[in-house]
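# Commentary on secondary and tertiary structure
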Amino acid sequence: MGFITTSFPQFPQFTVFISLFTNIKTETSATIKSELIGANKDYDFCFLNTNHIISLEQLYASIHRSILNQSNELMKAKTLNTEIIFNLSSVNNIMDALKRFGVDESCPNLIVIKVLKTDEIESDTLKELNQHLLKLLDVDESHNIELNDEILFSKLASVQKTKKLYKLNDATYSGNESELQAELTRLIIGATLLRGF
Amino acid sequence: MTDRLVKEIEGHLPHIPLEIVSQGAEALVFQTSTHPYIDDPYLKNQKKYIVKFRPSKPYRHPIIDASINKTRTIGEAKFMTKLNKLGINSPSIISVDYSKAIIWMEFLGSELTNGDISSFKNWLWYLERNESEAKCVDEQVEQVCKKVGELIGKLHMNDMIHGDLTSSNIILQDFEPALIDFGLSSYSGLAEDKAVDLYVLERAILSTHSVFSDTYNGWLLEGYGSIHKQYSKQGGTKKYAETIKKLEDVRLRGRKRSMLG
């Protein structure tokens, strides 16, 4: 099974489901886009392209902040799914965030996130959810690999594009290649937290 | 008093074990073993984190209070992110809750043999109490003092003012100094403000490490100067001369410029 789950100590009432799908056809991406606009219940997930996601920590920071905003009733976006996309961005514009991080026809990889209520999860819930996504995205199980930091950084993301997007080209780096993922993660989280200020 | 404030943050952060580290007029600082969202973050210390909380003040109007706390939290977070980007050693930010004035940050430093945290102050005190006089002014102390001077030099070269430079607000992580506590930080290119920053540290060293204070202060300024020389293309040498000239004025008259208040 290709999905992972996580939960945050502050919010044990929520469980986060995250699954990675590769080799997605352009037509499927286009369908997802239009169904999302039509608010189809089957597509009630947070869909992310992988161009600018360099680590799980970056992703979790955004999900955590979104749940926090929801519990503080301070969400900027209409839904939690969009809020997660918005909180990945360092620019204070939801449309821009959707364009950069949302479904993108030119990117064949998708990270799908859903925040579930922990006490509503039964033994098969997560498996069924993943099966539903495999069908929805029209890919087979071999293209549903487990998400981890190595795949994100060395295979799926573009470090150059990410640096540019977060305006981190002028930051100070140690120059040590093995530290780059750590340094970028820290800088990106800082940039997103200070969005708009 | 503290109990009420601790209850307040426990309400904000359920399920998070908190241990109080220090209490100031403005904020409470806690230590926790729990990361808010990941078990293995890209940080040196994955077992300890710092939570800084600005509690609401009952004597202020609630709306003004919330706005003040929010602005100061933003200011501090911004300062730290900027330092991070410039590569000036300081804790990284993990998460911020602006509406509740809570900042989660990286834990820096380690425990000295006597159990105290490895701040510049505690380390010098430790040497003073447990080691010979020669050890208190040996090469390693010289190196660390110079590095502290360089760190402050880098800060000032970027027109950033710490505002509360004391030896306890400098933490040693593997003998590499890092700055902490940016509650009073500001931005200024004026030699005056930089000189006051240096003066505050000089006085702090004088009162907490009085035996060798002249030696320590000499090394600090040496490090401070060497970084300015490295930045000579960006006007470092000139800036250094201006700040040191001001520092002499400040030494004569004290930290406050105006005679009022």
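Residues numbered from 1 in each chain as written. Chains lettered and ligands numbered in written order. Predicted model: local features only at pLDDT ≥ 70, side-chain atom pairs only at ≥ 80, totals over all residues.

### Quick notes on the overall build of chain B
Counting its regular elements, chain B contains 8 helices and 9 strands. Radius of gyration (C-alpha) of chain B: 19 Å, near the 18 Å computed for a compact globule of 261 residues. C-alpha atoms of chain B, sized along the principal axes, occupy 50 × 45 × 35 Å. Residue burial in chain B is summarised as follows: out of 261 residues, 43% are buried. (Helix = DSSP H or I, 4+ residues; strand = E, 2+ residues; numbered from the N terminus. Rg over C-alpha atoms; globule rule 2.2 N^0.38 Å. Buried ≥ 20, exposed ≤ 12 C-beta atoms within 10 Å, placed from the backbone.)

### Side note on the interface of chain A and chain B
The interface of chain A with chain B comprises 24 residues on the first partner and 24 residues on the second. Of all the secondary structure elements, the ones that give two or more residues to the side of chain A that touches chain B are helix 2 (56-71) and helix 8 (180-193) of chain A. Partitioning the side of chain A that touches chain B into residue classes produces 15 nonpolar, 6 polar and 3 charged. (Contact = placed C-beta atoms within 7 Å. Nonpolar A, V, L, I, M, F, W, Y, C, P; charged D, E, K, R; others polar.)

### Comments concerning the nonpolar core
If you look at the biggest cluster of nonpolar residues, it comprises 110 residues, and the most contacted ones within it are Leu-110, Ile-111 and Ile-113 of chain A together with Ile-93 of chain B. Of all the elements, helix 6 (residues 191-208) of chain B adds the most residues to this core, at 8 residues. The two domains that each donate at least three residues to this core are domain 1 (2-106) and domain 2 (120-253) of chain B. Once you skip the residues sitting within four places of it in the chain, Ile-113 of chain A turns out to touch Val-16, Phe-17, Ile-18, Phe-45, Cys-46, Ile-63 and Ile-84 of chain A. (Core = buried A, V, L, I, M, F, W, Y, C linked by C-beta atoms within 7 Å. Domains from an automatic or database assignment.)

### Quick look at the pairing of strand 7 (residues 170-173) of chain B
Residues and elements named next belong to chain B. Of the strand pairs in this sheet, strand 7 and strand 8 (residues 176-179) are connected by 4 bridges, and their pairing is antiparallel. In the strand pairing of strand 8, Leu-172 is matched with Pro-177. Counted between consecutive antiparallel strands, the loop separating strand 7 from strand 8 contains 2 residues, among which Asp-174 sits at a positive phi close to 50°. (Pairing = 2+ DSSP bridges.)

### Remarks on unusual backbone geometry
One non-glycine residue, Asn-23 of chain A, lies in the positive phi region at around 55°. Along the chain, the position of Asn-23 of chain A falls in the loop between strand 2 (11-21) and helix 1 (26-37). Look at Phe-175 of chain B: it is not a glycine, yet its phi comes out positive at around 65°. Summarising the element assignment, Phe-175 of chain B is placed in the loop between strand 7 and strand 8.

### Here's the deal with the sheet that holds strand 4 (residues 110-117) of chain A
Residue and element names in this part refer to chain A. An order of 1-2-4-3 is seen for the 4 strands of this open sheet, with the pairing classed as antiparallel. Looking at the sheet topology across the chains shown, the edges are occupied by strand 1 (3-8) and strand 3 (46-49). Ignoring strand direction, the axes of neighbouring strands in this sheet form an average angle of 25°. Pairing of strand 2 with strand 4, which is carried by 8 bridges, proceeds in the antiparallel orientation. Its bridge partner lying in strand 4, Ser-19 is registered against Val-112. Sheet strands in contact with helix 5 (residues 125-137) are strand 1, strand 2 and strand 4, and its direction is about 35° off that of strand 2. (Axes fitted to C-alpha atoms, helices over the stretch in contact; angles between N-to-C directions.)

### Brief notes about the packing of helix 6 of chain B against helix 8 (residues 236-253) of chain B
Residues and elements named next belong to chain B. The geometry of helix 6 relative to helix 8 is characterised by a closest axis approach of 8 Å and an angle of 60° between their N-to-C directions. Between helix 6 and helix 8, the angle falls in the class oblique. As helix 6 packs across helix 8, the resulting crossing turns out to be right-handed. Contact residues: Ala-191, Glu-192, Lys-194, Ala-195, Val-196, Leu-198 and Tyr-199 in helix 6; Glu-242, Thr-243, Lys-246, Leu-247, Val-250 and Arg-251 in helix 8. Per-class residue counts for the contact of helix 6 with helix 8 are 7 nonpolar, 1 polar and 5 charged. (Parallel < 35°, antiparallel > 145°, perpendicular 65-115°, else oblique. Left-handed = near helix turned anticlockwise from the far one by under 90°.)

### Comments concerning the domain arrangement of chain B
Residues and elements named next belong to chain B. The domain boundaries assigned to chain B delineate domain 1 (2-106) and domain 2 (120-253). Just the C-alpha atoms count here: the centres of domain 1 and domain 2 sit 26 Å apart. In this complex, domain 1 contributes 10 residues to the contact, which on the side of domain 2 involves 12 residues. In terms of residue class, the side of domain 1 that touches domain 2 is made up of 6 nonpolar, 2 polar and 2 charged.

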